[in-house]
Amino acid sequence: RASEAEAALRKALEFDPRDGGARIELGALYQVQDRFPEAAAEYERAIAIDPDHGGTHYQLGRIYCRQGRWPEAEAALRKAAELDPQDGGAHCQLGRICRVQGRVPEAEAALSKALELDPRDGGALMELGALYRDQGKSLKAAAEFERAIVVDPNHGWVHGELGRIYRRQGRWTEAEAAFQKALAIDLRNDWICVELGSLYKDQERYPEAEAAFRKAVTRSPRDGGAHFELGNVCRRQARWTEAEAEFKEAIAIDPGNDRAYVGLWAIYRSQERWAEARAALAKAAAMNPKSAFASTALRESLDLDMAVREDAARDGSGAGVNDQGVQGRSVPVGMSAPFALSLAKEGTVDLTRDQVFCLLPWTHLHSLVDGSFRPCCAWTGPPLGNVRSTAIVELWNSPGMRSLRSDMMSGRPVAGCGMCYEMERSGFWSLRQRSAIELGRHGGRERLTAPDGTLPRLPVPWIDIRLSNVCNLRCRTCDARTSSAWTADAQALGFPVEGGLIQKPYGEGDGLWRELQPFLEEGLEEIRFAGGEPLIMEEHYRILDFLIARKLTHVRLCYNTNFSTLRFQGRDVIDLWTRFDDVEVAASLDGSGRRGEYLRRGLCWEAVEANRKEMLRRCPDVTFFVLATLSLFNALHLPDFHREWVKKGFIGRNGFALNMLLVPKAYCIRVLPAALRQSVLESFRRHRDTFLDADGSAARDFAAAARFMEAQDRSELLPEFVAMTRRLDRLRGEACREVFPELAGLFEAAE
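Residues numbered from 1 in each chain as written. Predicted model: local features only at pLDDT ≥ 70, side-chain atom pairs only at ≥ 80, totals over all residues. Heavy atoms only, no water.

Caption draft 1: Representation of the overall build of the protein within the structure. What the protein contains, in helices and strands, is 38 helices and 14 strands. Compactness check: the protein gives a C-alpha radius of gyration of 30 Å against a globular reference of 27 Å for 751 residues, within 12% of the reference. Taken over the C-alpha atoms alone, the protein extends approximately 105 × 70 × 55 Å along its principal axes. Within the protein, the proportion of its 751 residues that are buried is 55%. In the protein, of all internal contacts separated by at least 6 residues, the share reaching a separation of at least 24 is 65%. Total accessible area on the protein is roughly 31700 Å²; 51% of this is exposed by carbon and sulfur atoms. (Helix = DSSP H or I, 4+ residues; strand = E, 2+ residues; numbered from the N terminus. Rg over C-alpha atoms; globule rule 2.2 N^0.38 Å. Buried < 20%, exposed > 50% of the residue type's maximum accessible area, 1.4 Å probe, protein only. Contact = heavy atoms within 4.5 Å. Areas by Shrake-Rupley, 256 points an atom, 1.4 Å probe, with all protein chains shown as cover.)

Right under this line is the structure:
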């Protein structure tokens, strides 16, 4: 009976305008009616009458929070806590303010105080869960949200947040139950419908996903995100007209939605509506030029592909003029514009300074297990020195490094950077491009560089020193230089083996440690561990122990690992990872089950899946993705492997990247004969259209791989592939044609 209550309270204030109790009651009445300005005014008047009433300060602080008046809210709540130190609500609200403002230690302290006063304070538990969620500490967040549900089982928002965490951990059944519970409690939770739909989409349960997204748009027609997701589900089912309508609706709601334009691009491309595809992708790139997707050569590739097709259709020939006005020979469909232009110019490559310049010679240290010093791991030129004979500080300004910097500053292409140039031509996101984003804040170092390339001694933010070739696997695409386990096979096959079984850049002793320690202590931001297999190297654990002891756990740890084990000599690497702020694990896995074990001899697939489950349980916030080496062996089956791990909840759709194998040349996908090549292209296209996010990194990689394969035909190397495979099969007692029956025809043809 709100109107009667308001009338009575106003009558009381007519008799006594300084009736503080009536002011507080009237403020509370306005507060429950969401009349916040009026409520705040009454509380302020009540405080003027009685400045020492803690409860009034508390309620006023809550209203200021609702209004986003954070400084005033904090002042009011601190006053409330001062007047009544046992008021857990004030501490809880203070914790919320600090969380929203990113003041993590203060937020945690205030919320801990609230829970100390009342361990069953559901609001404090929810806020603490949100604080941990914001920090990426999902295990801690889930624990607090679960405690909050025990206190209040009917809080839909908390069930929804738990569903998000469970989904990220691959706990599909629990995630679905949490989302369904949240919707049962509050049907108005449109964002829960979107989350549930996304969960179904992850599992390719498209009808259920569509139903969930349709509920969201029915309840909230202006939810652009829901329309976008609905468009994606329709696109994956090749329902182009419906998908197009949903993407356009998402754009109408939010004209800056670059992802919706990419969705339109994917539809138009599939329907061969080339002009519209070009326009849509151009819009997306203009809106978000910094995105990895928009910054690749995809738009140029699309333009050239369409020009070639249109010209061929027009005059029946394979030649034409591309969009940049260069008349040249017919080029394979899917080849990027820069690469096609290089063909038209008879092998010359015309690169701009921006396409040549790379930050790594200014920010990075890299050496291999034989001690050879290089600008980066993608370098294909000769070594620029050797750490076994020259100190790293001297190699930093060696003649080769100075010349490299000078060439890049002048915009001259560098022969040793050919791998990045090649990857970029195919549309892959190269190491050069990634470093420009991840290390861009160090771009000012170029200004400190002398014309001859000399750079003053500066802290090195990124180190990638290969500690040894110690490894427990004999991968098909590896050799004895980077795997000690390969040595016996190499000797049996008559391959040269240099440096003995175990190779280290400094040999035994503390030489490596003496060289590295100053770089670890000064300005280090990221260190990469690769192999061999870094998780079974003593040096790796010594470095981690050093960083922990020196309180340098802000350093980002990045791994390339075969993921065969998480333990070494009693050490549990997960225990160490949880001590660091940022850890990234790239698992080198090339197929599942028998295929994975064949390609990486010595691997136990059951152990691999157990390791992933353990990571999800114990360190779900560690960034994890599969880095699959794409070769002639596994090209046809990689999409199946990708889908399998997404459906198991081991990775997200974009938690899968491709590493293009170039050596041995006979294993490269360009060696595939025409029929198998066409099957691979169709497999990639189907995977792209029915499973991948159009604007995702995985879609970019599969599209780039198709262009890379089409750019050159090396099928003349098939006899070499068959001979190499037979020799190793006989030595290891394996049979490629049984594991990869689609390749059996290659062996039969050779016979």
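Moving on from the model shown.
Caption draft 2: Region of the structure containing the sheet that holds strand β11 (residues 583–587). Here we have eight strands laid out as an open sheet, ordered β4-β3-β5-β7-β8-β11-β13-β14, and mixed in their pairing. Across the chains shown, the open sheet's two edge strands, defined by having one partner strand only, are β4 (373–374) and β14 (656–660). Judged from the four bridges that link them, strand β3 (residues 364–367) and strand β5 (residues 462–465) form a sheet pairing that is parallel. For L365, the partnering residue across the bridge sits in β5 and is I463. (Pairing = 2+ DSSP bridges.)

Caption draft 3: Quick look at the pairing of strand β7 (residues 526–529). Burial of β7 is two-sided: the residues E526 and R528 facing one way and the residues I527 and F529 facing the other way are all buried. One ladder, built from two bridges, connects β5 with β7; its direction is parallel. Opposite I463, over in β7, you have I527 as the bridge partner.

Caption draft 4: Examining the packing of aromatic side chains more closely. Counted under the stated rule, the structure contains 23 aromatic pairs. Ring geometry for F641 versus W645: centroids 5.7 Å apart, planes at 70°, classification edge-to-face. In this pair, F641 and W645 are both assigned in helix α33 (residues 638–647), four residues apart and thus about one turn of the helix distant. A relative accessible area of 2% means that F641 is categorised as buried. Between F721 and F747 the ring centres are 6.1 Å apart and the planes differ by 50°, which places this aromatic pair in the tilted class. Residue F721 is located in helix α36 (residues 718–732), and its partner F747 is located in helix α38 (residues 744–750); the two are separated by 26 residues in the primary sequence. Assigned by exposure class, F721 and F747 land together as buried. Above the ring of F624, the side-chain terminus of R612 is found at 3.9 Å from the ring centroid. Across from the ring centre of F708, 3.6 Å away, lies the NZ or CZ of R670, which sits over that ring. (Phe/Tyr/Trp six-rings, centres within 6.5 Å; stacked < 30°, edge-to-face > 60°. Lys NZ or Arg CZ within 6 Å of the ring centre and 35° of its normal.)

Caption draft 5: Representation of the pattern of salt bridges within the structure. Applying the stated criterion across every chain yields a total of 78 salt bridges. E4 serves as the salt-bridge partner of R1, at 2.9 Å between the closest nitrogen and oxygen. Here R1 falls in the exposed class, since its relative accessible area comes to 79%. Between K648 and E644 there is a salt bridge, and its shortest N-O distance comes to 3.4 Å. Judged by its relative accessible area of 36%, K648 is partly exposed. (Salt bridge = Lys/Arg side-chain N within 4 Å of Asp/Glu carboxyl O.)

Caption draft 6: Quick look at the environment of T449. The topology assignment puts T449 in the loop between α26 (431–438) and β5. Judged by its relative accessible area of 11%, T449 falls in the buried class. Distance from T449 to W362, taken between C-alpha atoms, is 9.0 Å for residues 87 residues apart in sequence. Non-local contacts of T449, meaning those with residues more than four positions away in its chain, are made with W362, R405, M409, T454 and L455. Polar contacts involving the side chain of T449 include one to the side chain of W362, which spans 2.7 Å. (Polar contact = N/O pair within 3.5 Å; in protein donor to acceptor, adjacent residues only side chain to side chain.)

Caption draft 7: Quick peek at the nonpolar core. Membership of the largest hydrophobic core comes to 189 residues, with the highest contact counts inside it found for L557, W577, M615, W645, F721 and L743. Other than its neighbours up to four places away in sequence, L743 contacts L632, F633, L676, F721 and C736. Counting 26 residues, the second largest nonpolar core, distinct from the first, contains L26, L29, Y43 and I63. (Core = buried A, V, L, I, M, F, W, Y, C linked by side-chain atoms within 4.5 Å.)

Caption draft 8: Just the packing of helix α13 (residues 206–219) against helix α14 (residues 224–236), in detail. α14 packs onto α13 with a crossing angle of 155° between their chain directions and a minimal axis gap of 9 Å. Accordingly, the angle class assigned to the pair α13 and α14 is roughly antiparallel. The way α13 lies across α14 gives a crossing that is left-handed. Contacts between α13 and α14 involve Y206, A209, E210, F213, R214, A216 and V217 on the former and, on the latter, A226, H227, E229, L230, V233, C234 and R236. Taken together, the residues that form the contact of α13 with α14 break down as nine nonpolar, one polar and four charged. (Axes fitted to C-alpha atoms, helices over the stretch in contact; angles between N-to-C directions. Parallel < 35°, antiparallel > 145°, perpendicular 65-115°, else oblique. Left-handed = near helix turned anticlockwise from the far one by under 90°. Nonpolar A, V, L, I, M, F, W, Y, C, P; charged D, E, K, R; others polar.)

Caption draft 9: Structural view of α36. A rise of 1.5 Å per residue sets the reference length of α36, with its 15 residues, at 21 Å; its end C-alpha atoms lie 21 Å apart and thus fit the reference within 8%. Of all the positions in α36, only L718, F721, V722, T725, L728, D729 and R732 are classed as buried. Buried residues of α36, seen end-on, are gathered within an arc of 145° and therefore sit on one face of the element. In α36, those exposed residues whose orientation departs by more than 90 degrees from the buried face are P719 and R730. (Expected span 1.5 Å × (residues − 1). Arc of directions from axis to C-beta.)

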